[in-house]
Amino acid sequence: MQEWANQLCENRQFGSKMTDSKYFTTTKKGEIFELKAELNSDKKEKKKEAVKKVIASMTVGKDVSALFPDVVNCMQTDNLELKKLVYLYLMNYAKSQPDMAIMAVNTFVKDCEDPNPLIRALAVRTMGCIRVDKITEYLCEPLRKCLKDEDPYVRKTAAVCVAKLHDINAQLVEDQGFLDTLKDLISDSNPMVVANAVAALSEIAESHPNSNLLDLNPQTINKLLTALNECTEWGQIFILDCLANYTPRDDRESQSICERVTPRLSHANSAVVLSAVKVLMKFMEMLPKDLDYYGTLLKKLAPPLVTLLSAEPELQYVALRNINLIVQRRPEILKHEMKVFFVKYNDPIYVKLEKLDIMIRLASQANIAQVLAELKEYATEVDVDFVRKAVRAIGRCAIKVEQSAERCVSTLLDLIQTKVNYVVQEAIVVIKDIFRKYPNKYESVIATLCENLDSLDEPEARAAMIWIVGEYAERIDNADELLESFLEGFHDESTQVQLQLLTAIVKLFLKKPTETQELVQQVLSLATQDSDNPDLRDRGYIYWRLLSTDPVAAKEVVLAEKPLISEETDLIEPTLLEELICHIGTLASVYHKPPSAFVEGSRGVQHKRLPGSAGSGESVDSPDPASAAGVTEAPPAVIPSQGDLLGDLLNLDLTPPTATGPPPAPSSGMQLGAMDLLGGGLDSLLGGDIGGSAAMGAGFGAAPAAMPASFNAPVSGGLDDLFDLGGSVGMPMGAYSPPKTVWLPAMKAKGLEISGTFARRAGVIQMEMTLTNKAMSVMTDFAIQFNRNSFGLAPAGPLQVLTPLSPNQSIEVSLPLSTVGPVMKMEPLTNLQVAVKNNIDVFYFSCQYPISMLFVEDGKMERQVFLATWKDIPNDNESQFQIKDCHLNSDAASNKLQGSNVFTIAKRTVEGQDMLYQSTKLTNGIWVLAELRVQAGNPNYTVSLKCRAPEVSQCVFQSYEAMLKN
Amino acid sequence: MIHSLFLVNASGDIFLEKHWKSVVSRSVCDYFFEAQERATEPENVPPVIPTPHHYLISVLRHRIYFVAVIQSEVPPLFVIEFLHRVVDTFQDYFGVCTEAAIKDNVVVVYELLEEMLDNGFPLATESNILKELIKPPTILRTMVNTITGLTNVGEQLPTGQLSVVPWRRTGVKYTNNEAYFDVVEEIDAIIDKSGSTITAEIQGVIDACVKLTGMPDLTLSFMNPRLLDDVSFHPCVRFKRWEAERILSFIPPDGNFRLLSYHVSSQNLVAIPVYVKHNITFREGSSQGRFDLTLGPKQTMGKAVESVLVSSQLPRGVLNANLNPSQGTYTFDPVTKLLSWDVGKINPQKLPSLKGTMSLQAGASKPDENPTINIQFKIQQMAISGLKVNRLDMYGEKYKPFKGIKYMTKAGKFQVRT
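Each chain has its residues counted from 1, running along the sequence as written. All chains are assigned letters beginning with A, and all ligands numbers beginning with 1, in the order in which they are written. The predicted nature of this model means local features are confined to residues of pLDDT at least 70 and side-chain atom pairs, given and counted, to a pLDDT of 80 or more, with totals for whole chains, interfaces and linings taken over all residues. Only hydrogens and water are set aside; all other atoms, that is, all heavy atoms of the structure, feed into the side-chain values.

Within an unreviewed UniProt entry, the label attached to chain B reads AP-3 complex subunit mu-2, and the organism entered is Xyrichtys novacula. UniProt positions are given in the numbering used here, feature names are shortened, and annotations may be inferred rather than shown by experiment. Annotation of chain B in UniProt includes, under Sequence similarities (unreviewed entry), the sentence "Belongs to the adaptor complexes medium subunit family."

Chain A is annotated in an unreviewed UniProt entry as AP complex subunit beta from Xyrichtys novacula. Here chain A is described in UniProt, under the heading Sequence similarities (unreviewed entry), as follows: "Belongs to the adaptor complexes large subunit family." Looking at chain A in UniProt, the text filed under Subcellular location (unreviewed entry) is "Endomembrane system".

Dropping the structure here:
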């Protein structure tokens, strides 16, 4: 001891002796030994000093576990501080010395009977922290007593202890009935006990997703609401989070809960505020929108959210991530609060970026001038990432608010004039998007853009510039020179730029054929002969063949009108958004991912959905009669021809192929047969819009809606040539076709038996029939006619039975169908009434065609369009079906469906459940959006279909089932 | 709930760890260090960092990162609020919250953390209760304890923890009963080049120092309570009374506390007490730039603008500044490019100005960015929103307390763009 004191005086100035830092100074050898001696000293004071030293060593991560028996010996004391210190030590080291820890049990059990509630609580609290199985057995009896203790302080501590024990040994907790006791505590008279019971139950429930632990009913809700007003701020958070899981019975209950929760919005603790916002956002869904209270509530939500933004930056960040969700769900709440999201120059970067995002979401015609002025200001800041994002934001504003486009363009031009390299490049990328959204409107700026050609060194900016030059080649006098200058270093460019350059030069050639022949030949040979990139080569070949076979068709394809890009980018999927709204204030809301996707140990968390509205307000959203009747009234589209196929094929995305697995070389693909290659394989390989840079994909534009029929033959001929394959139109492709069934039995048709099926081949619907003559005489003069039907199906040509049909002879006929016939809604929808005539008589029969025959090849929606459409279609139009006993994994299912023109747009995996988002277009232009959930190991799939014409859902579902099971 | 806490100093060393459940290896902080390295400025470290098995939620205060480790879904705001509360408590206990202070009081820190969380659930976070459980260290007490062997841990059950007014302990006694309230308003504003206001808002607080015997019940009323439409209250305030009568009615905690904070947003008229005339220009091709700044008061209702401090981050290309202040002193740090000018008080008769030249790197092009000017100031005896306390009454106790109310306006984030 003397030695230690001397050392102390040597090492440190005397003045600091009174502080705890002295405990850090004993780092010499033999330290443990010294401490041991001190711990066993008779003097209380020495003991306490020694324990303090031990604790200090422990906190800085030194191993002092060797002192375990000596420290435990100090536990039997009436000095509360010493006792607490020993407890601290025990909690840390009991795990590594379980046998020794047993020594402490007796003291714990004794302390649990102490007359001082503080000691009782401390004992039960510490025991729960000792994560040793042997100790937990001894803990049960004291814990049971403490849960029923007369003192609420002890009860509330014991409640938490149940959660601790559950963490160590869940079975034990259940067997001992502690869960029931805990549930009883929800009705405790003391609000603090209630809050802790709720917190403990919530934590236990997290690892038991299906247990009905927090069985919320109106009575318990009432108790929770009462406790809410009186418990601590932390307790309020637990209670509010628990309330958010409740689904009120009706809008009146919902309103009364909202009324009682609203005062929490004025709490000083931001976590309380945000949890209250969550409850209100969720329960608001149930209130009718025409209710006065609904409007009042909306108004009350804005100020607390704004106040969160004046808190510390870390709090601001979490608040902003949540506000991002809230403005997507209910933009009206914060629409007048734009200014609070303006960026201060000394905000941390993570706050700046979030604010920017919300500014764009809130941008509208009313505030766009202010927003643009701000964004322009930000574009001159120091931080490069932030500047880039600000420039992008200007582009997003232009696309979002049409009236502002002109102003945005001029702002971008101003920025280009600054000549700051990264600003210019960013600006060019967004101007390209603006051109896509408003074609032929702002071309006057092209000259300015061209001036900056040389300074572009980023692939995205170069590709954007090349796209602009190609797209507007006819207005740029020296377009050929500009593109030629890029061509010099062709092989050093990134794939993105190469592909774009190829397309741009072909466009240029089609616009100015006379002067640019040499250029186009040069680029085609560069792409096809000198490149190792299969995408580039394939695109090159296609252009080449297209140009050499039929320049007119090439023009139609390459210079086709492009679909406009969607308005709102990076919106969260509506189902996910709904789920996230239920998780406001949690980690899920910070990451914008469902909680199950990333938090460990919460497997099988139930997905939360917003409750539906009970009121009349929703009626505005219901489908209007016109669109509901769309099935019959929609104008029938032209027969999708091979032009579509080709268009699809050309709808290449500029992002490098990210499809799983290496892209097969063209030679191996050929064995599949030309049509298959075009219909399924290539399409999914090249057209897969996985990268999400949808806007760029436009370089090529999507397929023309329908190609004039006259082009079909040469184009397809050319393609066949190209691949040097004789694959005929009749070759079967991936589309599902049901087996033939007997449509007309011989008995009913004087000996003529017709069995048949439908198939879709190369974009043409085929009615395939086997005609069998079971009569005694020869049959001739066959003809066929359809009654009016739901989708306007009609024979595209006469029934080709050229030779007379002898008795007992069968003949296979394939009848191409068009969808331009007269339309009448049938019941069931896919019913087709057919009349067949021969030399004997006219026979009538009806058959049903699978609706998948009507799925056209260009039924792939852009991701963003899909999102927006899904959101747009009211929930009433959603129907859900189960497909049982299907043993495909999601990829196989996706491939299978793709063969039948059901296109998978996105895939999301949530806790082993794959969600496929798919789109399908019918021949008459009706879109059907689907969400297919596939759980690994579960043969039952769930399909949710959304469609503006909900009548078709049932048929589509049947097709899904048929397609997947065959 | 909160699993563990690590305290990390500016140089990236963990100097304290505390675990409330099983021990989490400190190697989990490697993910934090990675993020710290990536961040250009210390304050740019993202507050939520995912790691394969845990989430790290951190706050930065007093140049110390308080890194909480969580494993399951926990409201991040709850964690952040709690961490700030920890810092506040340390500050309350030790006067300052520095690495040295924490190390000097490591055992108290440990006891405090143990008392504040149980199994990750907050247990006692009210300073009143904590102080009853664990006495704050004072030089005197440490001396006395060392000599007499007394402890600094309370033996009694803290009464507040169970009462309906958990924020107040019973049996408070003072010889001088006094209640002071400070109305402090901070103006956050962004002023654009031309001097017009882009955004302006007021963050106001009423901080109280109440030393009253017994269980006093106070009411505070305002002349113009309509100003307060966006308020956050201390839990002691009776919300129903406020909703109905716009009167603050409460049983105060003992000692210092924040009674309420409020927000006056830009929709209401926010007066801007100072204006800046500036001319900061660089000419293309010249290695000189002009710097000209003049400050003046406006809308101050006759009160003096004091403790004015102007700072600005000049463009990176600026090598040095050669300026001439009409009053006060200025410094320019050629490394960080931070210009700061300590102006003092603004005299309306003779406006303070700072004029001169800046030298640029020879041959360098004109800087792209426009410096933003940050202004700090104070105005005594005025709340810029016009908020005024009408009266303060006390019920429940018989004595006459001494009452005082002070007003002050300060600049918050007050920025002028050039």
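Novice: Report on the overall build of chain B, specifying residues and quantitative values.
Specialist: Along chain B, the regular secondary structure elements total seven helices and 23 strands. The rule is simple: take the accessible area with a 1.4 Å probe, protein chains only, and divide by the maximum for that residue type; under 20% is buried, over 50% is exposed, in between is partly exposed. Counting all 418 residues of chain B, 57% fall into the buried class. Residue pairs in contact within chain B that sit at least 24 positions apart in sequence constitute 68% of those at least 6 positions apart. Note on areas: Shrake-Rupley with a 1.4 Å probe; residue coverage comes only from the protein chains shown. When the accessible surface of chain B is totalled, it reaches about 17,700 Å², and 51% of it is carbon and sulfur. Numbering of helices and strands runs from the N terminus; a helix is a DSSP stretch of H or I covering at least four residues, while a strand is a stretch of E covering at least two. Here, two residues are considered to be in contact whenever any of their heavy atoms come within 4.5 Å of each other.

Novice: Give me the overall build of chain A: which residues, what numbers.
Specialist: Helix and strand counts for chain A come out as 42 helices and 13 strands. Going through the 966 residues of chain A one by one, you find that 60% of them count as buried. The long-range share in chain A, meaning contacts at least 24 apart out of those at least 6 apart in sequence, stands at 70%.

Novice: Describe the interface of chain B and chain A, and please don't skip the residues or the numbers.
Specialist: With 99 residues of chain B in contact, the opposing surface of chain A contributes 97 residues. Summed over both partners, the interface of chain B with chain A comes to about 8,500 Å²; 58% of that surface belongs to carbon and sulfur atoms. For chain B, the biggest contributors to the area lost against chain A are Glu73(B), Leu77(B) and Phe121(B); these three give 8% of the whole. Think of a salt bridge as a Lys or Arg side-chain nitrogen and an Asp or Glu carboxyl oxygen that are within 4 Å of each other. Applying the counting criterion to the chain B and chain A interface returns 10 salt bridges. Between Glu203(A) and Lys21(B) there is a salt bridge; the shortest N-O distance is 3.0 Å. The term polar contact refers here to a pair of N or O atoms within 3.5 Å; inside protein, the definition further demands a hydrogen-donor-capable atom paired with an acceptor-capable atom, and it admits residues adjacent in sequence only when both atoms are side-chain atoms. The tally of links between chain B and chain A comes to 22 residue pairs in polar contact (both at pLDDT 80 or more). In terms of residue count, the dominant contributor to the side of chain B that touches chain A is helix H2 (residues 76–94) of chain B (eight residues). Of the residues that constitute the side of chain B that touches chain A, the class distribution is 43 nonpolar, 30 polar and 26 charged. Two parts lose some accessible area (1.4 Å probe) when they are put together, and adding that loss for both gives the buried area. The residue classification treats Ala, Val, Leu, Ile, Met, Phe, Trp, Tyr, Cys and Pro as nonpolar and Asp, Glu, Lys and Arg as charged. All others, Gly included, are polar.

Novice: Please give an account of the packing of helix H5 (residues 80–93) of chain A against helix H6 (residues 98–111) of chain A that cites residues and values.
Specialist: Residue and element names in this part refer to chain A. Helix axes are fitted to C-alpha atoms over the stretch in contact, other axes to C-alpha atoms as well, and angles between N-to-C directions run from 0 to 180 degrees. Close contact between H5 and H6 brings their axes to 13 Å; oriented N to C, the two are set at 130 degrees. As summarised for this structure, H5 and H6 are arranged oblique, according to the angle between their axes. The element H5 and its partner H6 pack so that their crossing is left-handed. In contact with Lys83, Tyr87 and Leu90 of H5, H6 contributes Ala104, Thr107, Phe108 and Asp111. Counted by class, the contact of H5 with H6 contains four nonpolar, one polar and two charged residues. Oblique is the label for any angle not covered by the other classes, which are roughly parallel (under 35 degrees), roughly antiparallel (over 145) and roughly perpendicular (65 to 115). Take the far helix as your reference; a near helix turned counterclockwise from it by less than a right angle gives a left-handed crossing, and one turned clockwise gives a right-handed crossing.

Novice: Describe a negative patch on the surface, with residues and values.
Specialist: Residue and element names in this part refer to chain A. The grouping of Glu481, Glu484, Glu488 and Glu518 at the surface amounts to a negative patch. Here Glu484 is to be found in helix H26 (residues 479–487). Residue Glu484 is classed as partly exposed on the basis of its relative accessible area of 40%. Candidates for patches are residues over 30% relative accessible area with no salt bridge; among them, like charges are joined within 9 Å and nonpolar side chains (Val, Leu, Ile, Met, Phe, Trp, Tyr) within 5 Å. Lys and Arg are tallied as positive, Asp and Glu as negative. Neither His nor the chain termini are counted. For charged residues, the charge sits on one atom: NZ in Lys, CZ in Arg, CG in Asp, CD in Glu.

Novice: With reference to specific residues and values, describe the sheet that holds strand E10 (residues 903–910) of chain A.
Specialist: Residues and elements named next belong to chain A. Taken in spatial order, the five strands of this open sheet run E9-E13-E12-E11-E10, and their pairing is antiparallel. Each edge of the sheet is formed by a strand with only one pairing partner; in this case those strands are strand E9 (878–883) and E10. If you compare each strand with its neighbour and ignore which way they point, the axes differ by 20 degrees on average. Two strands pair under a simple rule: DSSP has to find at least two bridges between them. Alignment of strand E12 (residues 927–935) against strand E13 (residues 941–947), held across six bridges, turns out to be antiparallel. Bridging from a neighbouring strand, Arg933 pairs with Thr942 of E13. Sitting on the sheet, helix H40 (residues 863–872) touches E9, E10, strand E11 (913–921), E12 and E13, and the angle it makes with E12 is about 95 degrees. Running over the sheet, helix H42 (residues 951–965) touches E9, E11, E12 and E13 and is turned about 25 degrees from E9.

Novice: Explain the pairing of E9(A) to me, and be specific about the residues and the numbers.
Specialist: Residues and elements named next belong to chain A. Covered by surrounding structure in E9 are Ser879, Phe881 and Ile883 only, the residues Glu878, Gln880 and Gln882 on the alternate face being uncovered. With six bridges joining them, E9 and E13 adopt antiparallel strand pairing. Its bridge partner being in E13, Phe881 is matched across the sheet by Val943.

Novice: Go over the environment of Ala936(A), please, and point to the residues and values.
Specialist: Along the chain, Ala936(A) turns up in the loop between E12 and E13. Along the primary structure Ala936(A) and Glu911(A) are separated by 25 residues, whereas in three dimensions their C-alpha atoms are 9.7 Å apart.

Novice: Account for the pattern of salt bridges, with residues named and values stated.
Specialist: Evaluated as defined, the whole model comprises 59 salt bridges over all chains. Between Arg417(B) and Glu374(A) there is a salt bridge, and its shortest N-O distance comes to 2.9 Å. Of this pair, Arg417(B) sits in strand E23 (residues 402–417) while Glu374(A) sits in helix H20 (residues 368–378), on two different chains. Residue classification places Arg417(B) among the buried residues on the basis of a relative accessible area of 8%. Among the salt bridges present, the one from Arg241(B) reaches Glu245(B), with a minimum N-O distance of 2.8 Å. In this pair, Arg241(B) and Glu245(B) both sit in helix H7 (residues 239–245), four residues apart, roughly one turn of the helix. Residue Arg241(B) is classed as partly exposed on the basis of its relative accessible area of 31%. One salt-bridge network, held together by shared partners, links Lys84(A), Arg125(A), Lys164(A), Lys18(B), Glu114(B), Glu115(B) and Asp118(B).

Novice: Got a sec to walk through the packing of aromatic side chains? Specific residues and values, please.
Specialist: All names here are of chain A. For Phe, Tyr and Trp, where Trp contributes only its six-membered ring, two rings pair if their centres lie within 6.5 Å, and the inter-plane angle classes them as stacked under 30 degrees, edge-to-face over 60, or tilted in between. Applying the stated criterion across every chain, the model contains 27 aromatic pairs over all chains. Taking 6.1 Å as the distance between ring centres and 75 degrees as the angle between the ring planes, the aromatic pair formed by Phe866 and Tyr917 counts as edge-to-face. Highlighted residues: Phe866 in helix H40 and Tyr917 in strand E11, separated in sequence by 51 residues. Take Phe866 and Tyr917: they sit in the same class, and that class is buried.

Novice: Can you tell me about unusual backbone geometry, naming the residues and giving the values?
Specialist: Residues and elements named next belong to chain A. We note that Asp781 has phi near 55 degrees; this positive angle belongs to a residue other than glycine. Topologically, Asp781 is positioned in the loop between strand E3 (764–773) and strand E4 (783–786). For Asp781, a relative accessible area of 52% corresponds to the exposed category. Positive phi outside glycine occurs at Asn901, with the angle close to 65 degrees. Examined against the element boundaries, Asn901 turns out to sit in the loop between helix H41 (890–899) and E10. Using a relative accessible area of 4% as the deciding quantity, one classes Asn901 as buried.

Novice: If you had to explain the confidence of the model for chain B to someone new, which residues and values would you point to?
Specialist: pLDDT expresses how confident the predictor is about each individual residue, on a scale running from 0 to 100. Mean pLDDT over chain B: 85, with 93% of residues reaching 70 or higher. Two numbers describe this predicted complex: its pTM, 0.68, and its ipTM, 0.81.

Novice: Got a sec to walk through the sheet that holds strand E12 (residues 247–250) of chain B? Specific residues and values, please.
Specialist: What links the strands of a sheet is backbone hydrogen bonding, and the strands pair in either a parallel or an antiparallel sense. Residue and element names in this part refer to chain B. Reading across from one edge, E12-E10-E22 is the order of the three strands in this open sheet, with antiparallel pairing throughout. The outermost strands of the open sheet, each flanked by one partner alone, are E12 and strand E22 (389–395). Each neighbouring strand pair of the sheet contributes to a mean axis angle of 15 degrees, computed without reference to strand direction. Judged from the six bridges that link them, strand E10 (residues 217–222) and E22 form a sheet pairing that is antiparallel. Considered in E22, the bridge of Thr219 is made with Asp393.

Novice: Which residues make up the side chain of Arg760(A), and what values do they have?
Specialist: All names here are of chain A. With respect to the helices, strands and loops of the structure, Arg760 is situated in strand E2 (residues 752–761). Polar side-chain contacts of Arg760 include one of 2.6 Å to the backbone oxygen of Met853. Engagement of the side chain of Arg760 in a polar contact is seen with the side chain of Glu857, the distance being 2.9 Å.

Novice: Can you break down the confidence of the model for chain A residue by residue, with the values?
Specialist: Averaged over all residues, the pLDDT of chain A equals 77, while 81% of them reach at least 70. Every residue in residues 599–605 of chain A is under pLDDT 50, and counting partners more than four places away or in other chains gives 17 contacts.

Novice: Break down helix H17 (residues 292–308) of chain A for me, citing the residues and quoting the values.
Specialist: Those residues of H17(A) that sit buried are Tyr293(A), Tyr294(A), Leu297(A), Leu298(A), Leu301(A), Ala302(A), Pro304(A), Leu305(A), Val306(A), Thr307(A) and Leu308(A). Tucked inside the fold, the buried residues of H17(A) contact helix H15 (251–261), helix H16 (270–284) and helix H18 (313–329) of chain A together with strand E11 (231–233) and strand E13 (255–264) of chain B.

Novice: Now, about the state of the cysteines: what can you tell me, with residues and values included?
Specialist: Residue and element names in this part refer to chain A. What counts as a disulfide here is a pair of cysteine sulfur atoms lying within 2.5 Å. Evaluated as defined, the whole model comprises zero disulfides over all chains. Considering cysteine sulfurs only, Cys146 is the nearest to Cys112, which forms no disulfide, with 4.6 Å between them. No disulfide involves Cys129; its sulfur sits 7.6 Å from the nearest other cysteine sulfur, which is in Cys161.

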